[in-house]
Amino acid sequence: MTGIDLNRAGTPLLEIVSEPDLRSSAEAVAYAKALHALVRWIDICDGNMQEGSFRCDANVSVRRPGEPLGTRCEIKNLNSFRFLERAIEFEVRRQIEVLEEGGRIVQETRLYDPDRDETRPMRSKEDAMDYRYFPDPDLLPLEVSRQWQGEIQAQMPVLPQARQAAFRARGLSGYDALLLVGSRETADYFEQMAGGANPAAAKLAPTG
């Protein structure tokens, strides 16, 4: 018998945390979609949100104009961009109603119920100390050197923004270039198809 849970052993987890600089649900969704496209582009994640390969947590707070950031509530494990948008919009309305009625926002973790289109409390969370972090003497510090960064960067593919700029420079419209970098496979296929010809004159022929 053992109490060790090996359910996720061997599965790396990458957590990307942004600064609190998003001002609307639409902006948050746009950021999440760009991040989703990036991790798929560099082939570190298949991006399958339904299977848990890519999930979003949203920290939401409201404030009156000119005042500091308000108390945040975290909405956990959103598995679609639509749910992300709706959860943020509901949470903003909820917090505004609480404050306008003279109440106060309690910092907590909440879950989104898509059937009821609402968030509900999951657990209270005051600060980092609630995670009960403690140093582990068996885990050595990870030092990321400039050399290591350079080696990794040299192995990475050309990123979507640079690829899009290259398409524009070769005569494609902004819309067409943006469409082509929607996926790395599409961009690669288009370049193979166009070859050395003028890409603006290349056409995708329907099949079937």
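Just above, that's the structure.
Residues numbered from 1 in each chain as written. Predicted model: local features only at pLDDT ≥ 70, side-chain atom pairs only at ≥ 80, totals over all residues. Heavy atoms only, no water.

Tell me about the overall build of the protein chain, and please be specific about residues and values.
If you tally the helices and strands in the protein chain, you get six helices and four strands. For the protein chain, the α and β elements follow one another from N to C terminus as α-β-β-α-β-β-α-α-α-α. For the protein chain, buried positions account for 25% of its 208 residues. Once local pairs closer than 6 in sequence are excluded, the contacts in the protein chain between residues at least 24 apart make up 46%. Accessible area for the protein chain stands at about 15600 Å²; split by element, carbon and sulfur atoms hold 52% of it. (Helix = DSSP H or I, 4+ residues; strand = E, 2+ residues; numbered from the N terminus. Buried < 20%, exposed > 50% of the residue type's maximum accessible area, 1.4 Å probe, protein only. Contact = heavy atoms within 4.5 Å. Areas by Shrake-Rupley, 256 points an atom, 1.4 Å probe, with all protein chains shown as cover.)

Would you mind going over the nonpolar core in detail, with residue names and values included?
Phe 54, Cys 56, Leu 78 and Leu 84 are the most contacted members of the largest nonpolar core, which has 18 residues in total. Those elements giving two or more residues to this core turn out to be helix H1 (25-41), strand S1 (56-60), strand S2 (73-78) and helix H2 (81-100). Residue contacts for Phe 54: discarding those within four places in its chain leaves Ala 32, Leu 35, His 36, Val 39, Gly 47, Asn 48, Met 49 and Phe 81. In terms of nonpolar packing, the next biggest core, distinct from the first, is built from nine residues, Ala 177, Leu 180, Val 181 and Ala 187 among them. (Core = buried A, V, L, I, M, F, W, Y, C linked by side-chain atoms within 4.5 Å.)

Please set out the packing of H1 against H2 residue by residue, giving values where relevant.
At a minimum axis separation of 9 Å, H1 and H2 run at an interaxial angle of 150°. It follows from the interaxial angle that H1 and H2 lie roughly antiparallel. The handedness of the crossing between H1 and H2 is right-handed. Here Ser 25, Ala 26, Ala 28, Val 29, Ala 32, Lys 33 and His 36 of H1 come into contact with H2, specifically with Phe 81, Leu 84, Glu 85, Ile 88 and Glu 89. Tallied by class, the residues present in the contact of H1 with H2 amount to seven nonpolar, two polar and three charged. (Axes fitted to C-alpha atoms, helices over the stretch in contact; angles between N-to-C directions. Parallel < 35°, antiparallel > 145°, perpendicular 65-115°, else oblique. Left-handed = near helix turned anticlockwise from the far one by under 90°. Nonpolar A, V, L, I, M, F, W, Y, C, P; charged D, E, K, R; others polar.)

Let's hear about the sheet that holds strand S3 (residues 108-113): which residues, and what values?
Spatially, four strands are ordered S1-S2-S3-S4 in an open sheet, and the strand pairing comes out mixed. Unpaired on one side and paired on the other, S1 and strand S4 (118-124) mark the two borders of the sheet. This sheet shows a mean twist of 30° between the axes of neighbouring strands, independent of strand direction. In terms of strand pairing, S1 meets S2 through four bridges, oriented antiparallel. Each bridged residue has a counterpart across the sheet, and for Ala 58 the counterpart in S2 is Ile 75. Strand contacts of H2: S1, S2, S3 and S4, with the helix running at about 160° to S2, the strand carrying the most contacts. (Pairing = 2+ DSSP bridges.)

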